[in-house]
Amino acid sequence: MSSDIAAAEKKQEPQGMRKNGKQWHPAKKAFRPGSGLTSYEQRSKLRMATAATKAREKEMKEEKEAERKQRVQAIKEKRAAKEEKERYEKMAEKMHKKRVERLKRKEKRNKLLNS
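Position numbers for residues count from 1 along each chain, tracking the sequence in the order it is written. In keeping with the predicted nature of the model, local features appear solely for residues at pLDDT of at least 70, side-chain atom pairs appear and are counted solely at 80 or more, and the whole-chain, interface and lining totals rest on all residues. For the side-chain quantities, the full set of heavy atoms in the structure was used; hydrogens and water were omitted.

**Student:** Before we go on, may I ask you to explain the overall build of the chain in this structure?
**Tutor:** Only runs of H or I of at least four residues qualify as helices and only runs of E of at least two qualify as strands under DSSP, and these elements are numbered from the N terminus. Across its full length, the chain carries 3 helices and 0 strands. If you list the helices and strands of the chain from N to C, you get α-α-α. Relative accessibility decides the category of a residue: with a 1.4 Å probe and only protein chains considered, values under 20% of the type maximum give buried, values over 50% give exposed, and everything between is partly exposed. Counting over 115 residues, the chain shows a buried share of 3%. Summed over all atoms, the accessible surface of the chain reaches about 12000 Å², with 55% contributed by carbon and sulfur. Working definition of accessibility: Shrake-Rupley area with a 1.4 Å probe, residue cover restricted to the visible protein chains.

If you want it as C-alpha cells, here you go:
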C-alpha cells in the first residue's frame, strides 16, 4: 500500500523546469482527438481486410497483365508467320518450288539449333 502511494507521488513530480517559467500550471499532454476512438482489435481487423483487398487487386491486375501479354505475343507470332509466308512467296516467284522447300527446311533446322 505504501509503495503505491509513493509511486503516485513520484509520477506527479515535474520533469524539469518549464521553458516559459510557469511551473504552477499542470503539465499538458499532446492533443490527439482520434487516439481512443477505435480499439486496437478493430484497427488490426481493418488493416488485415485492407491488406487482403490489396492482395486480391494485385492478383487481378497480374492476371489481366498476363492475358494482355499473351494477346500481344499471339499477335506478334501471327505477324512473324505472315511475314515469313510472304517472304517465301516472293522467293517462290524467283526460284523453283523445290529449292524454296529446301530453304524452308534448312531455316527451320537453324532455328531449332539456335533456340
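**Student:** Before we go on, may I ask you to explain the pattern of salt bridges in this structure?
**Tutor:** Think of it this way: side chains of opposite charge can pair up when their charged atoms draw near. Whenever Lys or Arg places a side-chain nitrogen within 4 Å of a carboxyl oxygen from Asp or Glu, that contact is recorded as a salt bridge. Taken as a whole, this structure holds 4 salt bridges when the rule is applied. Measuring nitrogen to oxygen at the nearest pair gives 2.8 Å for the salt bridge that ties Arg 68 to Glu 65. Taken together, the residues Arg 68 and Glu 65, both in helix α2 (residues 40–94) and 3 residues apart, mark about one turn of the helix. Overall, Glu 65 belongs to the partly exposed group, its relative accessible area being 34%. A salt bridge links Glu 107 to Arg 87; the nearest nitrogen and oxygen atoms lie 2.7 Å apart. Highlighted residues: Glu 107 in helix α3 (residues 97–114) and Arg 87 in helix α2, separated in sequence by 20 residues. Here Arg 87 falls in the partly exposed class, since its relative accessible area comes to 37%.

**Student:** What am I meant to see in a negative patch on the surface here?
**Tutor:** Only residues whose relative accessible area exceeds 30% and that form no salt bridge enter a patch; like-charged residues are grouped when within 9 Å of one another, and nonpolar side chains (Val, Leu, Ile, Met, Phe, Trp, Tyr) when within 5 Å. Asp and Glu are treated as the negative residues and Lys and Arg as the positive ones, with His and the ends of the chain left uncounted. Working definition for charges: the position is that of NZ of Lys, CZ of Arg, CG of Asp or CD of Glu. Taken together, Glu 83, Glu 86, Glu 89 and Glu 93 make up a surface patch of like negative charges. By secondary structure assignment, the location of Glu 89 is in helix α2.

**Student:** Sorry if this is basic, but what is going on with the packing of aromatic side chains here?
**Tutor:** For any pair of aromatic rings, the description rests on two quantities: the centre-to-centre distance and the angle between the ring planes. Two rings from Phe, Tyr or Trp (for Trp, the six-membered ring) form a pair when their centres are within 6.5 Å of each other. A pair whose planes differ by under 30 degrees is stacked, one over 60 is edge-to-face, and the rest are tilted. What the rule picks out here adds up to 0 aromatic pairs. Here the basic side chain of Arg 87 rests over the ring of Tyr 88, its NZ or CZ set 5.0 Å away from the ring centre. Only when the NZ of Lys or the CZ of Arg is both within 6 Å of the ring centre and within 35 degrees of the ring normal is a charge said to sit over the ring. Directly above the ring of Tyr 88 sits Lys 104, whose terminal nitrogen or CZ lies 5.0 Å from the centroid.

**Student:** How should a positive patch on the surface be read in this particular structure?
**Tutor:** Together, Lys 98, Arg 99, Arg 102, Arg 105, Lys 106 and Arg 109 give the surface a local cluster of positive charge. Mapping Arg 99 onto the fold places it in helix α3. For Arg 99, a relative accessible area of 47% translates into the label partly exposed.

**Student:** Hey, could you run me through the packing of α2 against α3 in this one?
**Tutor:** Axis angle and axis distance: for two packed helices, these are the angle between their axes and the distance between the axes, and together they describe the pair. Lines fitted to the C-alpha atoms define the axes, with helices restricted to the stretch that makes contact. Angles between their N-to-C directions range from 0 to 180 degrees. One way to put it is that α2 packs onto α3 with a least axis distance of 10 Å and a crossing angle of 145°. Considering only the axes of α2 and α3, their crossing is right-handed. Contacts between α2 and α3 involve Glu 84, Arg 87, Tyr 88, Met 91 and Ala 92 on the former and, on the latter, Val 100, Leu 103, Lys 104, Glu 107 and Lys 111. Under the scheme applied here, ten amino acids are nonpolar (Ala, Val, Leu, Ile, Met, Phe, Trp, Tyr, Cys and Pro), four are charged (Asp, Glu, Lys and Arg), and all others, including Gly, are polar. Tallied by class, residues from the contact of α2 with α3 come to 5 nonpolar, no polar and 5 charged. Left-handed describes a crossing in which the near helix is turned anticlockwise from the far one by less than a right angle; the clockwise case is right-handed. Contact between two residues is taken to exist if any of their heavy atoms lie within 4.5 Å; hydrogens are not considered.

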